[in-house]
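# Remarks on the overall topology
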Amino acid sequence: MAHGQQQPSDRLTPDRIRLGNTVVWVLFGLLPTAGGVLDRSPARKGWMFGLLALIALCHALTLARPRTRLLNRRAYLGLLALALGGSSYLLDGGAAFYVVSLPQFWLCTRTPREAVALSGGAAALTVFGGTLGQGWSPQFLTGNTVFTLAAYAIGTGLGLWIHRFVGQSNERQELLTAELALTQEELALAHQRQGAAEERERMAREIHDTLAQGFASIVVLAEAARAALTSDPGRSAQQLASIEQTARENLTEARVLVGSVPVSGVAAGSVATTLRRTLDRFAQDTGVTVTAELPDIDLDQRTRVALLRCTQESLANVRKHSGAATVGVVLSEVPGGVELEITDDGKGFVVAESRGFGLDGMRRRLAELDGELTVTSSLGDGTRILATLPTPAQG
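Conventions adopted
Residues numbered from 1 in each chain as written. Predicted model: local features only at pLDDT ≥ 70, side-chain atom pairs only at ≥ 80, totals over all residues. Heavy atoms only, no water. Pairing = 2+ DSSP bridges. Helix = DSSP H or I, 4+ residues; strand = E, 2+ residues; numbered from the N terminus. pLDDT = per-residue confidence, 0-100. Contact = heavy atoms within 4.5 Å. Phe/Tyr/Trp six-rings, centres within 6.5 Å; stacked < 30°, edge-to-face > 60°. Buried < 20%, exposed > 50% of the residue type's maximum accessible area, 1.4 Å probe, protein only. Lys NZ or Arg CZ within 6 Å of the ring centre and 35° of its normal. Core = buried A, V, L, I, M, F, W, Y, C linked by side-chain atoms within 4.5 Å. Axes fitted to C-alpha atoms, helices over the stretch in contact; angles between N-to-C directions. Parallel < 35°, antiparallel > 145°, perpendicular 65-115°, else oblique. Nonpolar A, V, L, I, M, F, W, Y, C, P; charged D, E, K, R; others polar. UniProt positions renumbered as here; feature names shortened; annotations may be inferred. Left-handed = near helix turned anticlockwise from the far one by under 90°. Salt bridge = Lys/Arg side-chain N within 4 Å of Asp/Glu carboxyl O.

When strand β2 (residues 326–334) meets strand β3 (residues 337–344), the two strands line up antiparallel, connected through 8 bridges. Looking at β3, one finds that Gly328 is bridged to Thr343. Counted along the chain from β2 to the antiparallel partner β3, the turn is 2 residues long, and its residue Gly336 has a positive phi close to 80°. Both β3 and strand β5 (residues 383–390) contribute to a ladder of 8 bridges, which runs antiparallel. Bridge pairing in β5 places Gly337 opposite Pro390.

Right, here's the structure in full:
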């Protein structure tokens, strides 16, 4: 533990303040007062010891165990004021005992007004007790009176200052606590909104890469089947079968999205098998020539899904935009990762002017796995898509 870090047990707690005040009060209040009466008459010693024993007991019942106190604090302070007056009478002056007892009037009251009133009453009784034994013509300007009144004035000023300082500190603490609570609430709300936005974006990407692409394929196949219905019934039947298969796949993906099935429709195992099936379907539906180099690479589920979605999106762009006659797909293992390259001989496009959701979605999907997407294309020169993903070290 660092030297500058304070342990919880070293903090100045209210219980420690009360304990410290009790020790000081006993050592510098009760004991000296009891010792001051040792040379007095037996009667005075008896009264003093009894008075001190009574106030010590009341102190224990009130302050030593504040959570289970048997005596009301106001009642205790009233008895303490009487004890101060009585000890002042028995010793012909009790300013020192009053000074040591003065903090209790501030520790045991709830408001400054109450502390000022009760400590003032105790000061008056201390002064009165010290002058009571002088007869009918008492000398009020004695050391007992001066010190008692001076202690009362200083204690009142100091107590009011401390109360104001503590009150301001509490207000600042309450303000800081309120600001902290508000900041935490705003932060939690921001996290909630960010999470909701990220989930909406993820759902939009998944719908675009699965359902939307499937429905687009269904529309194209349906149009082609209708056009060939009379001229080439065999071709129409093949396209209708493709429509049925695509619809079934869309249904499976829809169940994945709503949580009816636990994982994506991408089967476990080699990514090459999944990609080859997708490429065969694309070639069958579009008539585009597809060449593929798909070695058997063992990848985790998230990597397989990312590569499949990139392939599906690229093929969808070829179908809708490029007018390509040939598509090439190469999957290769590189140090620390895997690369998927998809090229076509279509009409190409200006990459800087592309605003499609599909390319952005591919980039975000790959970025979530610390991968990247490189798109190279120009008008008339076809398009090259390169998806790079790291693979976990095999250990």
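With that settled, consider the confidence of the model for the protein. Counting all residues, the mean pLDDT for the protein is 80, and 83% of those residues have values of 70 or more. Across residues 1–9, confidence stays below pLDDT 50; counting only partners more than four residues off in sequence or on other chains, it has 3 contacts. Note on residues 260–265: pLDDT under 50 across the span, and 12 contacts to partners over four residues away in sequence or across chains.

The next subject is the packing of aromatic side chains. According to the stated counting rule, one finds 2 aromatic pairs in the structure shown. Ring centres of Trp161 and Phe165 lie 5.6 Å apart, and the angle between their planes is 15°; on these two criteria the pair is classed as stacked. With a gap of 4 residues between them, Trp161 and Phe165 both fall in helix α6 (residues 143–227), about one helical turn apart. Exposure remark for Trp161: the relative accessible area of 52% places this residue in the exposed category. Under the relative-accessibility criterion, Phe165 is labelled partly exposed at 43%. The ring of Tyr89 is capped by Arg44, whose NZ or CZ atom sits 5.4 Å from the centre of that ring.

We now examine the nonpolar core. Residues Leu307, Val327, Leu331, Leu340 and Leu373 are the most contacted members of the largest nonpolar core, which totals 31 residues. Within the residue set of this core, elements represented by two or more residues are α8 (271–286), α9 (301–322), β2, β3, α10 (357–368), β4 (372–377) and β5. If one sorts the elements of this core by residue count, α9 sits on top with 6 residues. When neighbours within four sequence positions are excluded, Val327 is seen to be in contact with Phe282, Val288, Thr289, Val290, Thr291, Leu315, Val318, Ile342, Thr343 and Asp344. Ala34, Leu80, Leu91 and Ala151 belong to the second largest nonpolar core, which has 25 residues in total.

Moving on, we come to the packing of helix α3 (residues 73–91) against helix α4 (residues 95–107). Contact geometry for α3 and α4: axes closest at 11 Å, N-to-C directions at 170°. The orientation of α3 with respect to α4, classified from their angle, is roughly antiparallel. Residues Arg73, Tyr76, Leu77, Leu80, Leu84 and Ser87 of α3 lie in contact with α4, whose contacting residues are Phe97, Tyr98, Ser101, Gln104, Phe105 and Leu107. Broken down by class, the residue content of the contact of α3 with α4 amounts to 8 nonpolar, 3 polar and 1 charged.

This next bit is on the UniProt feature "transmembrane region" (unreviewed entry) in the protein. According to UniProt, the "transmembrane region" (unreviewed entry) feature falls on residues 17–35, 47–64, 76–100, 115–133 and 140–162. Split by type, residues 76–100 is 88% helix and 0% strand. Its first and last C-alpha atoms lie 16 Å apart.

Attention now goes to the packing of α8 against α9. At a minimum axis separation of 10 Å, α8 and α9 run at an interaxial angle of 15°. By the criterion of interaxial angle, the relationship of α8 to α9 is roughly parallel. The two elements α8 and α9 cross, and the hand of that crossing is right-handed. Residues Val271, Thr274, Leu275, Thr278, Leu279, Phe282, Asp285 and Thr286 of α8 lie in contact with α9, whose contacting residues are Arg304, Leu307, Leu308, Thr311, Gln312, Leu315, Val318 and Arg319. A per-class count over the contact of α8 with α9 returns 8 nonpolar, 5 polar and 3 charged.

Attention now moves to the pattern of salt bridges. On inspection of all chains with the given rule, the structure shows 7 salt bridges. Taking the shortest distance from any N to any O, the salt bridge between Arg281 and Asp285 comes out at 4.0 Å. In this pair, Arg281 and Asp285 are both assigned in helix α8, 4 residues apart and thus about one turn of the helix distant. For the pair shown, Arg281 and Asp285 are each scored as buried. For Asp360, the salt bridge identified is with Arg363, shortest N-O distance 3.5 Å. Note that Asp360 and Arg363 are positioned in helix α10 at a spacing of 3 residues, about one turn of the helix.

Its location among the elements puts Thr311 in helix α9. On the basis of relative accessibility, which here comes to 0%, the residue Thr311 falls in the buried class. Setting aside anything within four residues of it in sequence, one finds Thr311 in contact with Leu275, Leu279, Leu340 and Ile342.

Let's shift gears to unusual backbone geometry. For Asp92, which is not glycine, the phi dihedral falls at a positive 60°. With respect to the helices and strands, Asp92 occurs in the loop between α3 and α4. Phi at Asp370 takes a positive value of approximately 65°, unusual for a residue other than glycine. You can see Asp370 is positioned in the loop between α10 and β4. Given a relative accessible area of 66%, Asp370 falls into the exposed group.

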